[in-house]
Amino acid sequence: MKKVVNMRLEEELVERLDEYAKELDKTRTALVERAIELYFDKLDEMIADRRIDAIKSGKSEVVSLEEIFKKAGIDV
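Not measured: the values here are computed from a predicted model.

Engineer: Just to check I follow, could you spell out unusual backbone geometry for this structure?
Structural biologist: Backbone geometry follows two general trends: most residues other than glycine have a negative phi, and most peptide bonds adopt the trans configuration. The residue D25 is not glycine, and still its phi comes out positive at about 55°. A residue is classified by how much of its surface remains accessible, and D25, at 70% relative accessible area, is exposed.

Engineer: How should helix α3 (residues 65–72) be read in this particular structure?
Structural biologist: Since the α-helix turns once every 3.6 residues, residues separated by three or four places project in the same direction. Within α3, only zero of the eight residues are buried, leaving the element largely exposed. The positive-phi residue at the C-terminal boundary of α3 is G73, with phi of around 75°.

Engineer: How do you make sense of the pattern of salt bridges when you look at a structure like this?
Structural biologist: Side chains that carry opposite charge are capable of pairing whenever their charged atoms lie near each other. Inspection of every chain in the model, using the stated rule, returns three salt bridges. Here K2 makes a salt bridge to E33, at a shortest N to O gap of 2.9 Å. Placement of the pair is K2 in the segment before α1 (11–24) and E33 in helix α2 (residues 28–57), with a sequence separation of 31 residues. The class of K2 is exposed, set by a relative accessible area of 62%. Overall, the relative accessible area of 33% leaves E33 in the partly exposed class. The partner of R34 in a salt bridge is E37, and the shortest N-O contact between them spans 3.4 Å. Placement of the pair is R34 and E37 together in helix α2, with a separation of three residues, close to one helical turn. We classify R34 as partly exposed; its relative accessible area is 46%.

Engineer: So what exactly am I meant to see when it comes to the environment of I55 here?
Structural biologist: With respect to the secondary-structure elements, I55 resides in helix α2. Residues in contact with I55, not counting those within four places in the same chain, are S60 and V62.

Engineer: So what exactly am I meant to see when it comes to the layout of surface pockets here?
Structural biologist: Rolled over the atoms, a probe as big as a water molecule pinpoints where empty space is left. Taken as a whole, the largest pocket encloses approximately 410 Å³ of empty space. Contributing elements (two or more residues each) for the lining of the largest pocket: α1 and α2. When residues in the lining of the largest pocket are grouped by element, the largest group, five residues, is from α2. Tallied by class, residues from the lining of the largest pocket come to eight nonpolar, two polar and four charged.

Scoring rules and cut-offs
- Every chain begins its residue count from 1, and numbering advances along the sequence as written.
- Predicted model: local features are reported for residues with pLDDT of at least 70 only, side-chain atom pairs are reported and counted for 80 or more only, and whole-chain, interface and lining totals are derived from all residues.
- Remark: hydrogens and water are excluded; side-chain values derive from all non-hydrogen atoms of the structure.
- Note on exposure labels: buried denotes an accessible area under 20% of the residue type's maximum, exposed denotes more than 50%, and partly exposed covers the range between, all computed with a 1.4 Å probe on protein chains only.
- Secondary structure elements follow DSSP: runs of H or I no shorter than four residues count as helices, runs of E no shorter than two count as strands, and numbering proceeds from the N terminus.
- Note on definitions: salt bridges are taken to be side-chain nitrogens of Lys or Arg within 4 Å of carboxyl oxygens of Asp or Glu.
- We call two residues contacting when some pair of their heavy atoms lies within 4.5 Å.
- Here a cavity means grid points, on a 1 Å grid over the protein atoms only, where a 1.4 Å probe fits yet cannot get out; a pocket means an open set of points with protein on both sides within 12 Å along at least five of seven lines; lining residues are those with an atom within 4 Å of a point.
- Grid points are joined across faces, edges and corners, and a volume is the space filled by probe spheres set on the points.
- Only Asp, Glu, Lys and Arg are considered charged, only Ala, Val, Leu, Ile, Met, Phe, Trp, Tyr, Cys and Pro nonpolar, and every remaining residue, Gly among them, polar.

Geometric values such as these leave the question of function open.
And the structure:
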């Protein structure tokens, strides 16, 4: 299900978006959706890197799946 989202963009950005949409025979919406999906992939990488850094620096710890099951009372 799609939801309507209103946002303000710089005029130059909208012009570039329209140029790409026309060249690729896509809608603005299709291009913006794809761009956001790709950016989310990048954000996932950034978050993973931060988590790895936190583990390496000792700010976070890794808990094995076995330990989680044991604490939850699940016999594996």
